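Coordinate analysis (summary)
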Amino acid sequence: MTSPIVVIAQQTMREASRRRTLPALVLFGCGIIVSSAFLSFFQLGVEIKFFKDIAFTVIFMFGTLATLVIVSTQLSGEIESRTIYNVLSKPIQRWELVVGKFVGTIATIALAVAPMVAILVFFIYTDHGGSALEAVKGAYMLWLAFTVLSAVALGIASVATSTVTAALTVLVFVVSYLKGAVTTYLDLISAHPVVAYFGQALYYLLPNFENFNTRTAVVHDELVPWAYLGRTTLYAAALIGLFLYLGTQLFEEREF
Amino acid sequence: MTARSLPRLRRATAVAALLACVAASQALVDPYRLVVNDEAGVQFSVAAVVVRSFLGEVRGLAADFLWLRVDEYQHRRRIVGGELLQSDDEALMPLVRLITWLDPHFVDAYALGGQWLAFHFNHPQQAAAFYEEGIRNNPNDFDLHTGAAWVDWRWLHDYARATALAHDAAGLADDDLQRFQALWLVAHIRMTAGDTAGAIQAWRAVGQIPGYDGAATTWIARVRAQAQGTARGTAR
Amino acid sequence: MTPVIAVENLTKHYRNPTGGGRAALRGLTLEVPAGEIYGFLGPNGAGKTTTIKLLLGLIAPTAGGGTMLGHPLGSVNARRRVGFLPESPYFYEYLRGEELLHYYGRLFGLGHGVRRERVENLLKLVGLWEHRRLAVRKYSRGMLQRLGLAQALINDPDLVILDEPAGGLDPIGRREMRDVLLQLRGRGKTVFLSSHILAEVETVCDRVAILHRGELVAGGRISELLSEGREMELTVHGVNGALSRHLEGIPGVEIRHGTDVTVVILPEHALVYQAIEIVRAAGGQVVSLGAKRERLEDLFVKLVGRSDEEARG
């Protein structure tokens, strides 16, 4: 007997693939990366850096967009379209629905991002633009960021509409990048221990998406240690666990 | 404790435990993170932190697009009708600064910025400081070391520091040509400093490079001749 | 025999964030025996859908509880043997009809072979086999209702809960739905049916419960609830003004004029001959004669009206 989580995950992937948005995003992203491989604005060396920067930025932006599109239409969309009644009347636990949606979402994103990564690796390999393995590591880190973003979004979606989910998820994403500015500012304005502790709490407890940013190392042909990959994976797992737990608990209490 | 409060307590405990896991894993990541991303050894001003934070993941690409402008100006618009156009030089320096904020590993920006500060704006101290920052952020870059060595040699006359930088550059050379260039610099700095023996030592090191022994021999002879000429002049 | 559904004092209050609220269900106690078709009736807002949601665990009760198939309300084990058709069902538009049934079948843990056979049988049963490869977004309202019934039966449930199953169906579709329900009962299944169409309920249900303003106002076998009184019902064709005036002279008579026929309700059996004589003398035609039986609709209106009066009083 297949686990309901797997059944729901497969269904999530099927739904995402049949919506026109996702394939269009993937196609567009691949098109940009391919065309940027033929730009010749700079002398060699910087050209390759530029290509890698464009490729990673495209993967980042389209991956983030795909994540928001998929997640905001999953749980919230199911509730708004009232298909939730049919699902919850079946013999599945509510947490299985949330986790199944999560697994389906991250699998879909991996498949969506894979063609763009493949193009990146192809051009790096054929144009001798550095290490293809480091590029794959960089792409894996981006995917980890998307998995965390999915968990955050699902946690919010368990209680919010699809529009609010998308908006709040973007807000969390932006705030996590602004954390650096906030903690630096706090250090500047006060040396008081309470302020310092507050800054530390912000740093350690809010999601830190900068952890997944290895782009500079990849673009400049530096090594991303395997140990870093392992530790960041642990960090992602902790964040995913936190937000999925919050989401499933809130969803458990929700009435339909 | 009521029946309703027990699940709440369990949930609160679970959330607290998960938050602790998040904090602990962040602490595990921290020692490696600064090495992997572009913050290692970099001292950002508050303004730099804010700009970097707002641009987030796209700051690398933003740096590239800014470089488009700088590079275009440098290669295409600086000479017009045989006349060197410098009207936009000063306007481009802030762009160069911004590029290095966004990507502290953008070596070309440091190299260009250091050059312009020294050659075009006649600010050798600022050039040296800019090169120093670039080397701090990119300790293995050959061009920055040689660029900094030039500034210390020709403008600031800090021959000890210039020699050290050129020596370090020789150790970072990717090929024989770069190694020759670095050692050529060492030799000339030492000659300027009056260290004939040191200069000859540097030329002997050049002679170790395959295909450069002829040049080394020629220069050693020249250095000796120059030293003898100087000694006769002193004796008179 | 253990009842399939047994609830006691089931209550649901919806609270407003700003204060106050409304009681959707107040102290409902009922039992649904196994192997019967149980009708659950009530006007809009009576609490029918709230009750069904409580049974399935879609919402939690404020007080009370119960069991379904021997398991606590809303438990996974209970839902394993239940099929549910919601009112105006919504399905994933991007799926094809058979894909949808396969999906729900997989959620029940059905194997591929079993699923394939059941999907085919159910689609043929509800008349959607030719449309099995059509995307659900192209289905008509009636087709969606049929598909909904099929998905409710995919796990061969012991208990089928149907909320307004005839919604969107034409008369032929309703008859087919009725036949399916009777088949289910014939196979020993229990059907819990919530409906507005009282005539349909009266035809198929063994028992009914009537809900109004969240309270149970009547419940039991239809045959016990509906009284057969002394009134006689005479159906006449060709009643003109003169005949009608003559008939109105009969004490206690009630006349209902229709398009083709007129129904004359006589308070006693003894008045029948007088009425027939009047009709025959005026040239009218007697179509039928029989004891007037109370309809479910009559009982429903009577009980709901009484309940409204009590609430006002």
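Attention in this report is confined to the structure presented alongside it. These figures come from a predicted structure and were not determined experimentally.

Here we look at the sheet that holds strand S1 (residues 5–15) of chain C
Through backbone hydrogen bonds, the strands of a sheet pair up, either in parallel or in antiparallel fashion. All names here are of chain C. Taken in spatial order, the four strands make up an open sheet running S2-S1-S4-S5, and their pairing is antiparallel. Whereas interior strands pair on both sides, the edge strands pair on one side only; in this sheet they are strand S2 (21–32) and strand S5 (71–72). On the sheet, helix H1 (residues 48–56) packs against S1, S2 and strand S4 (63–68) and is oriented at approximately 115° with respect to S1.

Focus: the pairing of S4(C)
Residue and element names in this part refer to chain C. Where S1 lies against S4, five bridges are found, and the strand directions are antiparallel. By the bridge assignment for S4, alanine 6 is matched with threonine 67. Looking at chain direction, S4 and S5 are connected through two bridges and run antiparallel. Each residue of the ladder has a partner; that of methionine 68, found in S5, is histidine 71. Here S4 folds back onto S5, and the loop between the two strands holds two residues, one of which, leucine 69, carries a positive phi near 55°.

Side note on the interface of chain B and chain A
By convention, interface size is frequently given as the accessible area that disappears when the constituent parts associate. Contact residues are listed per partner, giving 43 residues for chain B and 48 residues for chain A. Interface of chain B and chain A: buried area, both sides summed, is about 4200 Å²; carbon and sulfur atoms make up 65% of it. In this structure, A:Glu210 and B:Arg59 form a salt bridge, with 2.8 Å as the shortest nitrogen-oxygen distance. Here chain B is connected to chain A by twelve residue pairs in polar contact (both at pLDDT 80 or more). Of all elements in the fold, only helix H1 (5–36), helix H2 (46–55) and helix H3 (59–77) of chain B reach the threshold of two or more residues within the side of chain B that touches chain A. Per-element tally for the side of chain B that touches chain A: the top contributor is H1(B), with 18 residues. Residues that form the side of chain B that touches chain A fall into these classes: 22 nonpolar, eight polar and 13 charged.

Observations concerning the packing of helix H5 (residues 107–120) of chain B against helix H6 (residues 124–137) of chain B
Residues and elements named next belong to chain B. It is at 7 Å that the axes of H5 and H6 come closest, and there the two elements cross at 165°. If you check the angle between H5 and H6, you find them roughly antiparallel. Of the two elements, H5 crosses H6, and the hand of that crossing is left-handed. Counting all contacts with H5, which are made through Ala109, Tyr110, Ala111, Gly113, Gly114, Gln115, Leu117 and Ala118, the residues of H6 involved are Pro124, Gln126, Ala127, Phe130, Tyr131, Glu133, Gly134 and Asn137. For the contact of H5 with H6, the per-class residue count stands at nine nonpolar, six polar and one charged.

Things to note about the sheet that holds strand S7 (residues 159–163) of chain C
Residues and elements named next belong to chain C. If you trace the six strands from one edge of the open sheet to the other, you get S6-S7-S8-S3-S9-S10, paired in mixed fashion. In the strand order of this sheet, the two ends are held by strand S6 (82–85) and strand S10 (215–221), each with one partner. In this sheet, adjacent strand axes meet at a mean angle of 15° when their direction is disregarded. The pairing of strand S9 (residues 207–212) with S10 spans six bridges and is classified as antiparallel.

A closer look at the nonpolar core
Of all hydrophobic cores here, the largest spans 162 residues; its most connected members are C:Met68, C:Ile161 and C:Phe192. Counting residues per element, this core draws most heavily on helix H6 (residues 132–157) of chain A, at 16 residues. Discounting residues that sit within four places of it in the chain, C:Met68 has contacts with C:Val4, C:Ile5, C:Leu55, C:Leu56, C:Leu73, C:Ala78, C:Val82, C:Leu159 and C:Ile161. Formed by 53 residues, the second largest nonpolar core is a distinct cluster that contains B:Ala62, B:Ala109, B:Leu144 and B:Ala199.

Some details on the interface of chain C and chain A
Across the boundary between the two partners, chain C contributes 28 residues, which contact 27 residues of chain A. Buried area between chain C and chain A, summed over both chains or domains, comes out near 2800 Å², and the portion from carbon and sulfur atoms is 55%. Counting the surface chain C buries against chain A, the share from its top three residues, C:Leu58, C:Tyr94 and C:Leu107, is 26%. Put simply, chain C and chain A have three salt bridges between them. For C:Glu99, the salt bridge is made with A:Arg18, and the minimal N-O distance between the two is 2.8 Å.

Points about the arrangement of the chains
Among two pairs of chains with at least one contact, chains A and B form the most extensive contact set. There is a clear gap between chain B and chain C: no contact, and 13 Å between their nearest C-alpha atoms.

A few points about H6(A)
Residues and elements named next belong to chain A. Under the 1.5 Å per step criterion, the end-to-end length of H6 is 37 Å for 26 residues, consistent within 8% with the ideal 38 Å. With respect to burial, H6 is a largely interior element, 22 of its 26 residues being buried. By the N-cap criterion, in which a side-chain oxygen at the helix start approaches the backbone nitrogen of a residue two or three places on, H6 is capped by serine 131, the distance to leucine 133 being 3.3 Å.

Section: the side chain of A:Asn211
If you trace the backbone, A:Asn211 turns up in the loop between helix H8 (193–205) and helix H9 (215–219). Assessed through its relative accessible area of 0%, A:Asn211 is described here as buried. Apart from residues lying up to four places away in sequence, A:Asn211 is in contact with A:Met141, A:Tyr228, A:Thr232, A:Tyr235, B:Gln26, B:Val29 and B:Arg33.

Focus: unusual backbone geometry
With a phi close to 55°, B:His157 is a non-glycine residue in the positive phi region. For B:His157, a relative accessible area of 47% corresponds to the partly exposed category. Located in the positive-phi region is C:Asp156, a residue other than glycine, with phi close to 50°. Following the sequence through the fold, C:Asp156 ends up in the loop between helix H5 (141–152) and S7.

Focus: the packing of aromatic side chains
In total, this model carries 23 aromatic pairs over all chains according to the counting rule given. Judged by centre distance (5.8 Å) and plane angle (65°), the ring pair of C:Tyr92 and C:Tyr103 falls under edge-to-face. You can see C:Tyr92 sitting in the loop between S6 and helix H3 (97–107) and its partner C:Tyr103 sitting in helix H3, a full eleven residues away along the chain. The buried category is assigned to C:Tyr92, whose relative accessible area is 5%. By relative accessible area, C:Tyr103 is classed as buried at 3%. Taking NZ or CZ as reference, A:Arg94 lies 5.9 Å from the ring centre of A:Phe251, over its face. We note C:Arg132 situated over the ring of C:Trp129; from NZ or CZ to the ring centre the distance is 3.9 Å.

Details of the side chain of C:Thr262
Residue and element names in this part refer to chain C. Position of threonine 262 relative to the elements: it lies in strand S13 (residues 261–266). Owing to a relative accessible area of 5%, threonine 262 belongs among the buried residues under this scheme. One polar contact links threonine 262 to histidine 257, side chain to side chain, over a distance of 3.5 Å. With near-sequence residues (within four places) excluded, threonine 262 lies in contact with Leu234, Thr235, Val236, Val239, Ile255, Arg256 and His257.

Examining the pairing of S9(C)
Residue and element names in this part refer to chain C. When you tally the buried positions in S9, you get five out of six residues, the bulk of the element. Sheet analysis places strand S3 (residues 37–41) next to S9, joined by four bridges and oriented parallel. When the sheet's bridge partners are listed, leucine 41 is paired in S9 with isoleucine 210. Two successive antiparallel strands, S9 and S10, enclose a turn made up of two residues, where arginine 213 displays a positive phi of approximately 50°.

Conventions and cut-offs
- Residues numbered from 1 in each chain as written.
- Chains lettered and ligands numbered in written order.
- Predicted model: local features only at pLDDT ≥ 70, side-chain atom pairs only at ≥ 80, totals over all residues.
- Heavy atoms only, no water.
- Pairing = 2+ DSSP bridges.
- Helix = DSSP H or I, 4+ residues; strand = E, 2+ residues; numbered from the N terminus.
- Contact = heavy atoms within 4.5 Å.
- Axes fitted to C-alpha atoms, helices over the stretch in contact; angles between N-to-C directions.
- Buried area = accessible area lost by both parts, 1.4 Å probe.
- Salt bridge = Lys/Arg side-chain N within 4 Å of Asp/Glu carboxyl O.
- Polar contact = N/O pair within 3.5 Å; in protein donor to acceptor, adjacent residues only side chain to side chain.
- Nonpolar A, V, L, I, M, F, W, Y, C, P; charged D, E, K, R; others polar.
- Parallel < 35°, antiparallel > 145°, perpendicular 65-115°, else oblique.
- Left-handed = near helix turned anticlockwise from the far one by under 90°.
- Core = buried A, V, L, I, M, F, W, Y, C linked by side-chain atoms within 4.5 Å.
- Buried < 20%, exposed > 50% of the residue type's maximum accessible area, 1.4 Å probe, protein only.
- Expected span 1.5 Å × (residues − 1).
- Phe/Tyr/Trp six-rings, centres within 6.5 Å; stacked < 30°, edge-to-face > 60°.
- Lys NZ or Arg CZ within 6 Å of the ring centre and 35° of its normal.

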